[in-house]
Amino acid sequence: INSREELAIALTTATRVIAVNSRDLQQQIINLDAAIDLMNEIPDNYKRLLFSGINTVEDIKKVQSARPDGILVGTAVLKSEHPEQVIRLFQEAL
């Protein structure tokens, strides 16, 4: 999901997992702060995932306030000359 409207729809379904995408797929803009705000609106009885916008250890620490059950990291790993090092650093930050 990427908006409060999409969250409202998701909450009417039988799903138990809700993923918030930091990337607005219409405009291709990443807004990690907006995604964190949206994550905080998801009730605690759902598994909460965060997609996109994670590029640094600081980003990992920042999103921890939203208590995600998982995060998707792609670009930071794929663009790195040392992907295994990036993965290790991110794991340590968790």
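Heads up: the structure comes first, above all this text.
Rules used in this analysis
- Residues numbered from 1 in each chain as written.
- Predicted model: local features only at pLDDT ≥ 70, side-chain atom pairs only at ≥ 80, totals over all residues.
- Heavy atoms only, no water.
- Helix = DSSP H or I, 4+ residues; strand = E, 2+ residues; numbered from the N terminus.
- Pairing = 2+ DSSP bridges.
- Axes fitted to C-alpha atoms, helices over the stretch in contact; angles between N-to-C directions.
- Contact = heavy atoms within 4.5 Å.
- Core = buried A, V, L, I, M, F, W, Y, C linked by side-chain atoms within 4.5 Å.
- Buried < 20%, exposed > 50% of the residue type's maximum accessible area, 1.4 Å probe, protein only.
- Phe/Tyr/Trp six-rings, centres within 6.5 Å; stacked < 30°, edge-to-face > 60°.
- Lys NZ or Arg CZ within 6 Å of the ring centre and 35° of its normal.

Draft legend 1. Structural detail: unusual backbone geometry. The phi dihedral of Gln-28 is positive, around 60°, even though this residue is not glycine. Mapped onto the fold, Gln-28 is located in the loop between β2 (23-24) and β3 (29-30). Phi is positive for Arg-67, close to 55°, though the residue is something other than glycine. Examined against the element boundaries, Arg-67 turns out to sit in the loop between α3 (57-63) and β5 (70-72).

Draft legend 2. Highlighting the sheet that holds strand β1 (residues 17-21). The strand order across the open sheet formed by three strands is β1-β4-β5, and the pairing between neighbours is parallel. If you trace the sheet from one side to the other, it starts and ends with β1 and β5, each paired once. Strand-to-strand twist of the sheet, defined as the mean angle between neighbouring strand axes without regard to direction, takes the value 20°. Set on the sheet, helix α2 (residues 32-39) makes contact with β1 and β4 (47-51); between it and β4 the angle comes to about 175°.

Draft legend 3. Looking closely at the nonpolar core. Of all hydrophobic cores here, the largest spans 21 residues; its most connected members are Val-20, Leu-50 and Ile-54. Among the elements that make up this core, the one with the highest residue count is α2 (five residues). With residues near it in sequence (within four places) discarded, Leu-50 still touches Val-20, Ser-22, Leu-32, Ala-35, Met-39, Val-63, Gly-70, Ile-71 and Leu-72.

Draft legend 4. Layout of the packing of aromatic side chains. One pass over the structure, following the stated rule, counts zero aromatic pairs. Lying across the ring of Tyr-46, Arg-16 places its NZ or CZ 4.3 Å from the centre.

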